[in-house]
Amino acid sequence: MDLDWRVFCRDTIDGEFVRGCLGDAERITYLDWLLSAWGWTLSVAALAWIVAIAAGAVVGVLRTTPHRPLVILGNAWTELFRNIPVLVQVFLWYHVIPALFPLLRAIPSFLLVVVALGLYTSARISEQVRAGIQSIPQGQRLAALALGFTLPQVYRHVLLPQAWRIVLPPLTSESMNIIKNSSVAFAVSIPELTLFALQAQEETARGIEIYLIVTGLYFFSALLVNRILHIVEMRLRIPGLIVVTK
Amino acid sequence: MIEIDRVSKWYGSFQVLSDCSTHIGKGEVVVVCGPSGSGKSTLIKCVNALEPFQKGEIRVNGISVSDPKTNLSQLRAHVGMVFQHFELFPHMTICDNLCIAQVKVLGRLREEAMERGLRLLDRVGLKAHAHKYPGQLSGGQQQRVAIARALAMDPICMLFDEPTSALDPEMINEVLDVMVELASEGMTMMVVTHEMGFARKVAHRVIFMDQGRIVEDTPKEAFFAMPRSERAQAFLAKILSH
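Residues numbered from 1 in each chain as written. Chains lettered and ligands numbered in written order. Predicted model: local features only at pLDDT ≥ 70, side-chain atom pairs only at ≥ 80, totals over all residues. Heavy atoms only, no water.

Looking at the sheet that holds strand β1 (residues 2-11) of chain B
Residue and element names in this part refer to chain B. The strand order β2-β1-β4-β5 describes an open sheet built from 4 strands, whose pairing is antiparallel. Of all the strands in the sheet, just β2 (14-24) and β5 (63-64) have a single pairing partner and so form its edges. Packing of helix α1 (residues 40-47) onto the sheet brings it into contact with β1, β2 and β4 (55-60), and relative to β1 it is tilted by some 120°. (Pairing = 2+ DSSP bridges. Helix = DSSP H or I, 4+ residues; strand = E, 2+ residues; numbered from the N terminus. Contact = heavy atoms within 4.5 Å. Axes fitted to C-alpha atoms, helices over the stretch in contact; angles between N-to-C directions.)

As C-alpha coordinates, this is what we get:
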(Lines give C-alpha, C1' and ligand atoms only; values in the text may rest on other atoms or scores of the structure.)
Protein backbone atom coordinates (compact mmCIF):
# COMPACT_ATOMS: atom_id res chain seq x y z
CA MET A 1 0.00 0.00 0.00
CA ASP A 2 1.51 3.29 -0.98
CA LEU A 3 0.42 6.29 1.00
CA ASP A 4 0.69 9.67 -0.63
CA TRP A 5 0.33 12.39 1.94
CA ARG A 6 0.90 15.08 -0.65
CA VAL A 7 -2.77 14.86 -1.42
CA PHE A 8 -3.31 17.56 1.20
CA CYS A 9 -1.19 19.97 -0.78
CA ARG A 10 -3.44 19.78 -3.82
CA ASP A 11 -5.75 22.55 -4.86
CA THR A 12 -9.36 21.54 -4.27
CA ILE A 13 -10.49 22.73 -7.69
CA ASP A 14 -7.82 21.90 -10.26
CA GLY A 15 -5.84 19.32 -8.30
CA GLU A 16 -2.53 21.16 -8.82
CA PHE A 17 0.09 20.97 -6.06
CA VAL A 18 0.41 24.18 -4.08
CA ARG A 19 3.79 25.23 -2.77
CA GLY A 20 3.81 25.23 1.05
CA CYS A 21 0.52 23.29 1.07
CA LEU A 22 -1.46 26.24 2.40
CA GLY A 23 -3.46 28.14 -0.16
CA ASP A 24 -4.24 31.82 -0.39
CA ALA A 25 -7.12 34.04 -1.43
CA GLU A 26 -7.49 32.28 -4.77
CA ARG A 27 -6.40 28.76 -4.06
CA ILE A 28 -7.75 26.42 -1.43
CA THR A 29 -5.88 23.21 -0.70
CA TYR A 30 -7.19 20.08 0.96
CA LEU A 31 -5.13 21.03 3.99
CA ASP A 32 -6.98 24.37 4.19
CA TRP A 33 -10.24 22.53 3.93
CA LEU A 34 -9.18 20.00 6.56
CA LEU A 35 -8.26 22.74 9.02
CA SER A 36 -11.49 24.59 8.43
CA ALA A 37 -13.42 21.34 8.91
CA TRP A 38 -11.58 20.73 12.16
CA GLY A 39 -12.57 24.24 13.20
CA TRP A 40 -16.22 23.46 12.49
CA THR A 41 -16.01 20.24 14.48
CA LEU A 42 -14.48 22.02 17.46
CA SER A 43 -16.98 24.89 17.21
CA VAL A 44 -20.00 22.59 17.11
CA ALA A 45 -18.60 20.58 20.00
CA ALA A 46 -17.61 23.58 22.13
CA LEU A 47 -20.94 25.39 21.77
CA ALA A 48 -22.91 22.18 22.27
CA TRP A 49 -20.81 21.54 25.38
CA ILE A 50 -21.80 24.91 26.84
CA VAL A 51 -25.48 24.18 26.15
CA ALA A 52 -25.10 20.69 27.60
CA ILE A 53 -23.34 21.77 30.79
CA ALA A 54 -25.71 24.63 31.49
CA ALA A 55 -28.90 22.67 30.81
CA GLY A 56 -27.55 19.44 32.31
CA ALA A 57 -26.52 21.14 35.56
CA VAL A 58 -29.86 22.91 35.99
CA VAL A 59 -31.92 19.81 35.18
CA GLY A 60 -29.71 17.60 37.34
CA VAL A 61 -30.15 19.94 40.30
CA LEU A 62 -33.92 20.17 39.80
CA ARG A 63 -34.14 16.40 40.03
CA THR A 64 -32.62 16.42 43.53
CA THR A 65 -34.80 19.16 45.03
CA PRO A 66 -37.56 18.33 47.50
CA HIS A 67 -40.14 19.87 45.13
CA ARG A 68 -42.05 17.19 43.28
CA PRO A 69 -43.11 19.17 40.20
CA LEU A 70 -39.50 20.19 39.57
CA VAL A 71 -38.33 16.59 39.93
CA ILE A 72 -40.97 15.41 37.45
CA LEU A 73 -40.01 18.17 35.01
CA GLY A 74 -36.33 17.22 35.24
CA ASN A 75 -37.04 13.53 34.84
CA ALA A 76 -39.22 14.16 31.80
CA TRP A 77 -36.49 16.27 30.20
CA THR A 78 -33.88 13.60 30.78
CA GLU A 79 -36.01 10.75 29.45
CA LEU A 80 -37.10 12.76 26.41
CA PHE A 81 -33.60 13.62 25.26
CA ARG A 82 -31.80 10.42 26.08
CA ASN A 83 -34.27 7.99 24.59
CA ILE A 84 -34.05 9.29 21.02
CA PRO A 85 -30.93 8.56 18.92
CA VAL A 86 -28.76 11.63 18.52
CA LEU A 87 -28.89 11.47 14.72
CA VAL A 88 -32.69 11.42 14.79
CA GLN A 89 -32.63 14.40 17.15
CA VAL A 90 -30.46 16.33 14.71
CA PHE A 91 -32.94 15.59 11.93
CA LEU A 92 -35.85 16.60 14.16
CA TRP A 93 -34.26 19.98 14.86
CA TYR A 94 -33.34 20.42 11.22
CA HIS A 95 -36.44 19.20 9.41
CA VAL A 96 -39.36 18.97 11.81
CA ILE A 97 -39.10 21.75 14.36
CA PRO A 98 -38.59 24.61 11.85
CA ALA A 99 -41.61 23.28 9.96
CA LEU A 100 -43.72 23.46 13.12
CA PHE A 101 -42.35 26.84 14.24
CA PRO A 102 -41.76 29.02 11.16
CA LEU A 103 -39.90 31.57 13.29
CA LEU A 104 -37.07 29.06 13.71
CA ARG A 105 -36.47 28.87 9.97
CA ALA A 106 -34.18 31.88 10.18
CA ILE A 107 -31.80 30.03 12.50
CA PRO A 108 -28.72 28.67 10.70
CA SER A 109 -28.42 24.89 10.60
CA PHE A 110 -25.14 25.15 12.50
CA LEU A 111 -26.99 26.45 15.55
CA LEU A 112 -29.73 23.85 15.21
CA VAL A 113 -27.10 21.13 15.36
CA VAL A 114 -25.54 22.80 18.40
CA VAL A 115 -28.92 22.80 20.14
CA ALA A 116 -29.64 19.20 19.15
CA LEU A 117 -26.29 17.86 20.30
CA GLY A 118 -26.30 20.10 23.39
CA LEU A 119 -29.73 19.00 24.59
CA TYR A 120 -29.02 15.34 23.86
CA THR A 121 -25.87 15.55 25.96
CA SER A 122 -27.60 17.62 28.66
CA ALA A 123 -29.83 14.63 29.40
CA ARG A 124 -26.77 12.50 30.04
CA ILE A 125 -25.07 15.19 32.12
CA SER A 126 -28.22 15.77 34.17
CA GLU A 127 -28.14 12.09 35.07
CA GLN A 128 -24.54 12.37 36.25
CA VAL A 129 -25.20 15.58 38.18
CA ARG A 130 -28.20 14.00 39.87
CA ALA A 131 -26.21 10.90 40.80
CA GLY A 132 -23.34 13.08 42.00
CA ILE A 133 -25.54 15.16 44.29
CA GLN A 134 -27.38 12.11 45.61
CA SER A 135 -24.12 10.38 46.44
CA ILE A 136 -23.34 13.12 48.98
CA PRO A 137 -24.43 11.95 52.46
CA GLN A 138 -27.86 13.30 53.42
CA GLY A 139 -26.28 14.68 56.60
CA GLN A 140 -24.49 17.38 54.59
CA ARG A 141 -27.79 18.81 53.44
CA LEU A 142 -29.20 18.60 56.97
CA ALA A 143 -26.13 20.20 58.53
CA ALA A 144 -26.30 23.08 56.07
CA LEU A 145 -30.02 23.57 56.69
CA ALA A 146 -29.41 23.40 60.45
CA LEU A 147 -26.95 26.29 60.14
CA GLY A 148 -29.73 28.38 58.65
CA PHE A 149 -28.87 28.13 54.96
CA THR A 150 -31.77 28.48 52.55
CA LEU A 151 -32.16 25.67 50.01
CA PRO A 152 -30.42 27.63 47.21
CA GLN A 153 -27.56 28.39 49.62
CA VAL A 154 -27.32 24.70 50.54
CA TYR A 155 -26.79 23.91 46.87
CA ARG A 156 -24.51 26.86 46.19
CA HIS A 157 -22.15 26.43 49.13
CA VAL A 158 -22.37 22.79 50.19
CA LEU A 159 -23.81 20.37 47.65
CA LEU A 160 -22.63 21.70 44.28
CA PRO A 161 -18.97 22.27 45.18
CA GLN A 162 -18.81 18.63 46.27
CA ALA A 163 -20.95 17.24 43.45
CA TRP A 164 -18.86 19.09 40.86
CA ARG A 165 -15.78 17.17 41.98
CA ILE A 166 -17.60 13.83 42.03
CA VAL A 167 -19.01 14.44 38.57
CA LEU A 168 -15.78 15.51 36.89
CA PRO A 169 -14.60 12.05 35.73
CA PRO A 170 -17.89 11.12 34.00
CA LEU A 171 -18.09 14.70 32.73
CA THR A 172 -14.72 14.19 31.10
CA SER A 173 -16.08 11.20 29.17
CA GLU A 174 -19.11 13.21 28.19
CA SER A 175 -16.97 16.08 26.95
CA MET A 176 -14.98 13.67 24.82
CA ASN A 177 -18.20 12.11 23.55
CA ILE A 178 -19.50 15.45 22.41
CA ILE A 179 -16.50 15.91 20.12
CA LYS A 180 -17.02 12.48 18.66
CA ASN A 181 -20.80 12.88 18.43
CA SER A 182 -20.40 16.18 16.61
CA SER A 183 -19.73 14.06 13.53
CA VAL A 184 -23.50 13.69 13.14
CA ALA A 185 -23.50 17.30 11.95
CA PHE A 186 -22.38 16.06 8.52
CA ALA A 187 -25.94 14.77 8.07
CA VAL A 188 -27.24 18.31 7.83
CA SER A 189 -24.36 19.55 5.69
CA ILE A 190 -22.20 21.25 8.31
CA PRO A 191 -18.73 21.25 6.70
CA GLU A 192 -17.04 19.49 9.61
CA LEU A 193 -14.47 16.71 9.62
CA THR A 194 -16.69 13.78 8.71
CA LEU A 195 -18.27 15.62 5.81
CA PHE A 196 -14.80 16.68 4.71
CA ALA A 197 -13.65 13.08 4.77
CA LEU A 198 -16.62 11.86 2.75
CA GLN A 199 -16.24 14.51 0.08
CA ALA A 200 -12.48 14.76 -0.10
CA GLN A 201 -11.94 11.02 -0.48
CA GLU A 202 -14.41 10.98 -3.34
CA GLU A 203 -12.67 13.84 -5.11
CA THR A 204 -9.12 12.58 -4.59
CA ALA A 205 -9.50 8.82 -4.40
CA ARG A 206 -7.13 9.05 -1.42
CA GLY A 207 -9.57 7.76 1.19
CA ILE A 208 -7.02 6.03 3.35
CA GLU A 209 -4.84 9.08 3.93
CA ILE A 210 -7.86 11.28 4.47
CA TYR A 211 -9.58 8.97 6.92
CA LEU A 212 -6.34 8.40 8.80
CA ILE A 213 -5.82 12.13 9.24
CA VAL A 214 -9.42 12.73 10.25
CA THR A 215 -9.25 9.86 12.71
CA GLY A 216 -6.07 11.34 14.14
CA LEU A 217 -7.66 14.75 14.58
CA TYR A 218 -10.72 13.34 16.38
CA PHE A 219 -8.45 11.27 18.58
CA PHE A 220 -6.15 14.17 19.36
CA SER A 221 -9.04 16.56 20.10
CA ALA A 222 -10.70 14.13 22.49
CA LEU A 223 -7.40 13.35 24.17
CA LEU A 224 -6.68 17.05 24.65
CA VAL A 225 -10.05 17.51 26.38
CA ASN A 226 -9.31 14.51 28.54
CA ARG A 227 -5.92 15.92 29.64
CA ILE A 228 -7.27 19.40 30.35
CA LEU A 229 -10.10 18.07 32.50
CA HIS A 230 -7.73 15.74 34.26
CA ILE A 231 -5.63 18.73 35.29
CA VAL A 232 -8.77 20.49 36.52
CA GLU A 233 -9.63 17.38 38.51
CA MET A 234 -6.22 17.32 40.19
CA ARG A 235 -6.38 21.04 40.98
CA LEU A 236 -9.77 20.71 42.64
CA ARG A 237 -9.02 17.74 44.79
CA ILE A 238 -9.65 18.17 48.48
CA PRO A 239 -6.81 17.44 50.90
CA GLY A 240 -7.61 14.52 53.15
CA LEU A 241 -10.76 13.56 51.28
CA ILE A 242 -9.85 11.76 48.10
CA VAL A 243 -6.87 9.50 47.72
CA VAL A 244 -5.19 10.49 44.50
CA THR A 245 -4.12 7.62 42.31
CA LYS A 246 -1.98 8.51 39.36
CA MET B 1 -37.10 27.37 75.51
CA ILE B 2 -38.12 24.18 73.70
CA GLU B 3 -41.74 23.13 74.03
CA ILE B 4 -42.71 19.82 72.47
CA ASP B 5 -46.45 19.39 72.56
CA ARG B 6 -48.14 16.09 71.66
CA VAL B 7 -46.02 15.44 68.58
CA SER B 8 -46.77 12.44 66.37
CA LYS B 9 -45.05 11.45 63.19
CA TRP B 10 -45.56 8.72 60.64
CA TYR B 11 -43.44 7.34 57.83
CA GLY B 12 -46.24 6.12 55.59
CA SER B 13 -48.33 3.97 57.90
CA PHE B 14 -45.51 3.37 60.38
CA GLN B 15 -45.70 5.59 63.42
CA VAL B 16 -42.25 6.73 64.58
CA LEU B 17 -43.37 9.26 67.20
CA SER B 18 -46.47 8.91 69.33
CA ASP B 19 -47.82 11.82 71.26
CA CYS B 20 -44.47 13.10 72.55
CA SER B 21 -44.55 16.03 74.96
CA THR B 22 -41.86 17.66 77.03
CA HIS B 23 -40.54 21.05 77.91
CA ILE B 24 -36.93 22.14 78.14
CA GLY B 25 -36.36 25.34 80.06
CA LYS B 26 -33.65 27.90 79.56
CA GLY B 27 -30.31 26.63 80.83
CA GLU B 28 -31.58 23.11 81.24
CA VAL B 29 -29.60 20.08 80.04
CA VAL B 30 -31.80 17.17 79.02
CA VAL B 31 -30.45 13.82 77.93
CA VAL B 32 -32.63 11.69 75.66
CA CYS B 33 -31.87 7.99 75.67
CA GLY B 34 -33.48 4.77 74.64
CA PRO B 35 -32.91 1.74 72.42
CA SER B 36 -32.14 2.29 68.75
CA GLY B 37 -35.23 2.81 66.67
CA SER B 38 -37.04 4.39 69.60
CA GLY B 39 -37.43 7.71 67.76
CA LYS B 40 -35.00 9.84 69.78
CA SER B 41 -33.01 11.05 66.76
CA THR B 42 -36.22 11.72 64.87
CA LEU B 43 -37.60 13.72 67.78
CA ILE B 44 -34.52 15.92 68.07
CA LYS B 45 -34.56 16.57 64.31
CA CYS B 46 -38.17 17.69 64.62
CA VAL B 47 -37.09 20.45 67.01
CA ASN B 48 -35.43 22.45 64.24
CA ALA B 49 -37.80 21.11 61.57
CA LEU B 50 -35.23 19.02 59.76
CA GLU B 51 -37.89 16.35 60.01
CA PRO B 52 -41.52 17.31 59.44
CA PHE B 53 -44.20 15.89 61.73
CA GLN B 54 -47.89 15.44 61.10
CA LYS B 55 -49.46 16.16 64.49
CA GLY B 56 -48.72 18.33 67.50
CA GLU B 57 -46.61 21.41 67.86
CA ILE B 58 -43.04 22.36 68.72
CA ARG B 59 -42.14 25.86 69.78
CA VAL B 60 -38.59 27.10 70.10
CA ASN B 61 -38.31 30.34 72.01
CA GLY B 62 -42.05 30.70 71.48
CA ILE B 63 -41.90 30.28 67.72
CA SER B 64 -43.74 27.36 66.15
CA VAL B 65 -41.51 25.30 63.87
CA SER B 66 -44.39 23.79 61.91
CA ASP B 67 -46.12 27.08 61.15
CA PRO B 68 -45.70 27.70 57.39
CA LYS B 69 -45.24 31.40 58.17
CA THR B 70 -42.16 30.75 60.32
CA ASN B 71 -38.88 31.70 58.69
CA LEU B 72 -37.15 28.37 59.25
CA SER B 73 -33.71 29.54 58.12
CA GLN B 74 -33.79 32.31 60.69
CA LEU B 75 -34.96 29.95 63.41
CA ARG B 76 -32.41 27.25 62.61
CA ALA B 77 -29.59 29.78 62.48
CA HIS B 78 -29.96 30.21 66.23
CA VAL B 79 -30.51 26.56 67.13
CA GLY B 80 -27.12 24.85 67.09
CA MET B 81 -27.03 21.26 65.99
CA VAL B 82 -24.29 18.64 66.22
CA PHE B 83 -24.61 15.41 64.25
CA GLN B 84 -23.45 11.87 64.77
CA HIS B 85 -21.19 11.99 61.71
CA PHE B 86 -19.92 15.55 62.32
CA GLU B 87 -20.99 16.77 58.87
CA LEU B 88 -18.27 19.31 58.48
CA PHE B 89 -18.12 20.49 54.89
CA PRO B 90 -15.23 18.45 53.45
CA HIS B 91 -14.39 20.88 50.65
CA MET B 92 -13.71 23.80 52.99
CA THR B 93 -10.93 24.46 55.45
CA ILE B 94 -11.78 24.30 59.14
CA CYS B 95 -11.68 28.08 59.18
CA ASP B 96 -14.18 28.35 56.32
CA ASN B 97 -16.39 25.75 57.97
CA LEU B 98 -16.57 28.03 60.99
CA CYS B 99 -17.11 31.23 59.01
CA ILE B 100 -19.37 30.44 56.10
CA ALA B 101 -22.72 30.41 57.88
CA GLN B 102 -21.79 33.44 59.97
CA VAL B 103 -21.13 35.36 56.76
CA LYS B 104 -23.86 33.97 54.50
CA VAL B 105 -26.64 33.54 57.05
CA LEU B 106 -25.96 36.12 59.78
CA GLY B 107 -24.38 38.65 57.42
CA ARG B 108 -21.29 39.15 59.54
CA LEU B 109 -18.17 40.60 58.02
CA ARG B 110 -15.58 38.04 57.04
CA GLU B 111 -12.99 39.43 59.52
CA GLU B 112 -15.51 39.43 62.34
CA ALA B 113 -16.57 35.86 61.53
CA MET B 114 -12.98 34.75 61.32
CA GLU B 115 -12.06 36.27 64.65
CA ARG B 116 -15.04 34.65 66.32
CA GLY B 117 -14.41 31.33 64.60
CA LEU B 118 -10.78 31.24 65.65
CA ARG B 119 -11.65 32.14 69.23
CA LEU B 120 -14.06 29.20 69.43
CA LEU B 121 -11.56 26.94 67.70
CA ASP B 122 -9.07 27.90 70.36
CA ARG B 123 -11.64 27.09 73.00
CA VAL B 124 -12.02 23.53 71.71
CA GLY B 125 -8.24 23.28 71.55
CA LEU B 126 -7.80 23.17 67.79
CA LYS B 127 -6.51 26.59 66.82
CA ALA B 128 -3.45 25.09 65.15
CA HIS B 129 -5.66 23.22 62.68
CA ALA B 130 -7.52 26.21 61.25
CA HIS B 131 -6.10 25.83 57.76
CA LYS B 132 -6.52 22.07 57.46
CA TYR B 133 -9.40 20.28 55.80
CA PRO B 134 -11.85 18.13 57.80
CA GLY B 135 -10.51 14.93 56.22
CA GLN B 136 -7.14 15.66 57.80
CA LEU B 137 -8.51 15.63 61.36
CA SER B 138 -9.47 12.73 63.61
CA GLY B 139 -13.12 12.05 64.37
CA GLY B 140 -12.89 13.61 67.82
CA GLN B 141 -11.26 16.72 66.43
CA GLN B 142 -13.88 16.99 63.71
CA GLN B 143 -16.67 16.76 66.23
CA ARG B 144 -15.09 19.51 68.35
CA VAL B 145 -14.92 21.69 65.25
CA ALA B 146 -18.57 20.89 64.57
CA ILE B 147 -19.45 22.08 68.07
CA ALA B 148 -17.43 25.25 67.54
CA ARG B 149 -19.18 25.80 64.21
CA ALA B 150 -22.58 25.61 65.88
CA LEU B 151 -21.45 27.92 68.73
CA ALA B 152 -20.19 30.49 66.23
CA MET B 153 -23.81 31.22 65.36
CA ASP B 154 -24.57 32.37 68.95
CA PRO B 155 -27.21 29.69 69.44
CA ILE B 156 -29.97 30.09 72.00
CA CYS B 157 -29.88 26.32 72.51
CA MET B 158 -27.93 23.32 71.26
CA LEU B 159 -29.16 19.99 69.92
CA PHE B 160 -26.80 17.02 69.99
CA ASP B 161 -27.75 13.94 67.97
CA GLU B 162 -25.59 11.06 69.23
CA PRO B 163 -22.46 13.22 69.13
CA THR B 164 -20.09 10.47 70.30
CA SER B 165 -21.51 7.29 68.80
CA ALA B 166 -19.37 7.45 65.65
CA LEU B 167 -16.17 8.01 67.62
CA ASP B 168 -13.42 5.67 68.70
CA PRO B 169 -13.54 5.16 72.48
CA GLU B 170 -10.41 7.20 73.17
CA MET B 171 -11.89 10.22 71.41
CA ILE B 172 -15.21 10.25 73.21
CA ASN B 173 -13.93 12.09 76.25
CA GLU B 174 -12.41 15.03 74.38
CA VAL B 175 -15.86 15.70 72.90
CA LEU B 176 -17.73 15.10 76.15
CA ASP B 177 -15.36 17.50 77.94
CA VAL B 178 -16.36 20.29 75.58
CA MET B 179 -20.03 19.47 76.14
CA VAL B 180 -19.64 19.39 79.92
CA GLU B 181 -18.00 22.78 79.83
CA LEU B 182 -20.80 24.12 77.68
CA ALA B 183 -23.39 22.77 80.10
CA SER B 184 -21.61 24.34 83.04
CA GLU B 185 -21.83 27.71 81.29
CA GLY B 186 -25.60 27.44 81.31
CA MET B 187 -26.25 26.50 77.67
CA THR B 188 -29.67 24.98 77.04
CA MET B 189 -28.96 21.53 75.68
CA MET B 190 -30.95 18.60 74.34
CA VAL B 191 -28.64 15.62 73.97
CA VAL B 192 -29.43 12.28 72.40
CA THR B 193 -26.76 9.95 73.76
CA HIS B 194 -25.98 6.64 75.36
CA GLU B 195 -23.25 8.19 77.49
CA MET B 196 -24.78 7.66 80.89
CA GLY B 197 -21.67 9.05 82.57
CA PHE B 198 -22.32 12.34 80.84
CA ALA B 199 -25.98 12.22 81.81
CA ARG B 200 -25.07 11.55 85.43
CA LYS B 201 -22.61 14.41 85.47
CA VAL B 202 -24.42 17.27 83.79
CA ALA B 203 -28.01 16.39 82.91
CA HIS B 204 -30.84 17.97 84.83
CA ARG B 205 -33.36 15.58 83.40
CA VAL B 206 -33.37 12.30 81.53
CA ILE B 207 -35.96 11.40 78.93
CA PHE B 208 -36.29 7.72 78.09
CA MET B 209 -37.93 6.80 74.81
CA ASP B 210 -39.18 3.48 73.52
CA GLN B 211 -41.12 2.70 70.35
CA GLY B 212 -41.75 6.35 69.56
CA ARG B 213 -43.06 7.27 72.98
CA ILE B 214 -41.59 9.26 75.81
CA VAL B 215 -41.79 6.61 78.51
CA GLU B 216 -39.94 8.44 81.21
CA ASP B 217 -39.18 12.12 81.78
CA THR B 218 -37.64 12.51 85.21
CA PRO B 219 -34.95 14.40 87.08
CA LYS B 220 -31.58 12.73 86.70
CA GLU B 221 -31.33 11.57 90.32
CA ALA B 222 -34.65 9.79 90.20
CA PHE B 223 -33.85 8.20 86.87
CA PHE B 224 -30.59 6.72 87.98
CA ALA B 225 -31.85 5.75 91.42
CA MET B 226 -34.79 3.83 90.08
CA PRO B 227 -36.59 4.40 86.78
CA ARG B 228 -40.33 3.98 87.08
CA SER B 229 -40.92 1.93 83.95
CA GLU B 230 -39.73 -1.62 83.49
CA ARG B 231 -38.39 -0.89 80.02
CA ALA B 232 -36.18 1.88 81.30
CA GLN B 233 -34.97 -0.38 84.13
CA ALA B 234 -34.07 -3.09 81.64
CA PHE B 235 -32.34 -0.54 79.40
CA LEU B 236 -30.30 0.88 82.25
CA ALA B 237 -29.36 -2.55 83.51
CA LYS B 238 -28.08 -3.49 80.07
CA ILE B 239 -26.20 -0.29 79.43
CA LEU B 240 -24.60 -0.09 82.87
CA SER B 241 -23.80 -3.78 83.26
CA HIS B 242 -20.28 -3.45 81.93
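Examining helix α2 (residues 68-82) of chain A
Residues and elements named next belong to chain A. Between the first and last C-alpha of α2 there are 21 Å, a value that for 15 residues agrees with the 21 Å anticipated at 1.5 Å per step. For α2, the set of buried residues is V71, G74, T78 and F81. Each buried residue of α2 sits inside an arc of 115° when the element is viewed along its axis, so together they form one side. Residues of α2 that are exposed and point more than 90 degrees away from the buried face comprise R68, P69 and L73. The inward-facing, buried residues of α2 contact α1 (30-62), α3 (86-100) and α4 (109-134). (Expected span 1.5 Å × (residues − 1). Buried < 20%, exposed > 50% of the residue type's maximum accessible area, 1.4 Å probe, protein only. Arc of directions from axis to C-beta.)

Some details on the packing of helix α4 (residues 110-123) of chain B against helix α5 (residues 139-151) of chain B
All names here are of chain B. Where α4 contacts α5, the axes come no closer than 9 Å and their chain directions differ by 140°. Looking at the two axes, α4 sits oblique to α5. Where α4 crosses over α5, the handedness of that crossing is right-handed. Listed contacts from α5 to R116, L120, L121 and R123 of α4 are V145, A148 and L151. (Parallel < 35°, antiparallel > 145°, perpendicular 65-115°, else oblique. Left-handed = near helix turned anticlockwise from the far one by under 90°.)

Quick word on the nonpolar core
Nonpolar side chains tend to gather and get buried jointly when the protein is soluble and globular. Membership of the largest hydrophobic core comes to 93 residues, with the highest contact counts inside it found for F149 and F196 of chain A together with F89 and M190 of chain B. Residue contributions to this core peak at 12 residues, all from α4 of chain A. Setting aside residues up to four positions removed in sequence, F149 of chain A forms contacts with A144, V154, H157 and V158 of chain A together with S73, F89, I100, A101, K104 and V105 of chain B. Counting residues in hydrophobic clusters, the runner-up holds 51 residues, among them L120, A148, A152 and V178 of chain B. (Core = buried A, V, L, I, M, F, W, Y, C linked by side-chain atoms within 4.5 Å.)

Notes on the interface of chain B and chain A
A common way to report how large an interface is uses the accessible area buried once the components associate. Taken together, the contacts link 24 residues of chain B with 21 residues of chain A. Regarding the contact of chain B and chain A, the summed buried area is about 2,000 Å², with carbon and sulfur atoms giving 70% of it. The interface formed by chain B and chain A holds 0 salt bridges in total. Here chain B is connected to chain A by 4 residue pairs in polar contact (both at pLDDT 80 or more). Among the secondary structure elements, those contributing two or more residues to the side of chain B that touches chain A are α2 (72-77), β6 (79-82) and α3 (94-104) of chain B. Here the side of chain B that touches chain A is built from residues that sort into 14 nonpolar, 5 polar and 5 charged. (Buried area = accessible area lost by both parts, 1.4 Å probe. Salt bridge = Lys/Arg side-chain N within 4 Å of Asp/Glu carboxyl O. Polar contact = N/O pair within 3.5 Å; in protein donor to acceptor, adjacent residues only side chain to side chain. Nonpolar A, V, L, I, M, F, W, Y, C, P; charged D, E, K, R; others polar.)

Some points on helix α5 (residues 138-146) of chain A
The periodicity of an α-helix, 3.6 residues per turn, causes residues three or four places apart in sequence to face the same way. Of all 9 residues making up α5 of chain A, 8 are buried, and the element is well covered by its neighbours. Among the residues making up α5 of chain A, those that are buried are G139, Q140, R141, L142, A143, A144, L145 and A146 of chain A. In this structure, the buried residues of α5 of chain A make contact with α4 and α6 (151-181) of chain A together with α1, α2, β6 and α5 of chain B. Two residues or fewer after α5 of chain A comes G148 of chain A, characterised by a positive phi angle close to 100°.

Description of the pattern of salt bridges
Charged atoms that come close allow side chains of opposite charge to pair. Scanning all chains against the criterion turns up 25 salt bridges over all chains. The residue E127 of chain A makes a salt bridge to R82 of chain A at a minimum N-O spacing of 3.8 Å. Placement of E127 of chain A in helix α4 and of R82 of chain A in helix α2 is noted, with a sequence separation of 45 residues between them. Taking the shortest distance from any N to any O, the salt bridge between R123 of chain B and E185 of chain B comes out at 3.2 Å. Of this pair, R123 of chain B sits in helix α4 while E185 of chain B sits in the loop between α6 (169-184) and β8 (189-192), placing them 62 residues apart in sequence. On the basis of relative accessible area, E185 of chain B is assigned to the partly exposed category, the value being 48%.

So, the packing of aromatic side chains
By the definition in use, this model includes 7 aromatic pairs over all chains. Ring geometry for W40 of chain A versus F110 of chain A: centroids 5.3 Å apart, planes at 80°, classification edge-to-face. Taken together, the residues W40 of chain A in helix α1 and F110 of chain A in helix α4 connect sequence positions 70 residues apart. The partly exposed category is assigned to W40 of chain A, whose relative accessible area is 32%. On the basis of relative accessibility, which here comes to 17%, the residue F110 of chain A falls in the buried class. Their ring planes at 55° and their centres at 5.2 Å tell us that F208 of chain B and F235 of chain B sit as a pair that is tilted. Of this pair, F208 of chain B sits in strand β9 (residues 205-210) while F235 of chain B sits in helix α9 (residues 230-240), placing them 27 residues apart in sequence. What makes F208 of chain B buried here is its relative accessible area of 1%. For F235 of chain B, a relative accessible area of 12% puts it in the buried group. Here the aromatic residues Y30, W33 and F196 of chain A are joined through ring pairs into a cluster of three or more. The positively charged end of R149 of chain B is found above the aromatic ring belonging to F89 of chain B, 4.5 Å away from the centroid. (Phe/Tyr/Trp six-rings, centres within 6.5 Å; stacked < 30°, edge-to-face > 60°. Lys NZ or Arg CZ within 6 Å of the ring centre and 35° of its normal.)

A few points about the pairing of strand β7 (residues 157-161) of chain B
All names here are of chain B. Of all 5 residues that make up β7, 5 are buried, and the element is covered over most of its length. Burial of the side chains of β7 extends over both faces: C157, L159 and D161 are buried on one face and M158 and F160 on the other. Bridge count between β6 and β7: 4 bridges; the pairing is parallel. What sits directly across from G80, in β7, is M158. For the crossover from β7 across α6 to β8, the handedness is right-handed. (Right-handed = clockwise from strand over helix to strand, strands pointing away.)

Everything listed is a geometric property; what it means functionally is a separate question.
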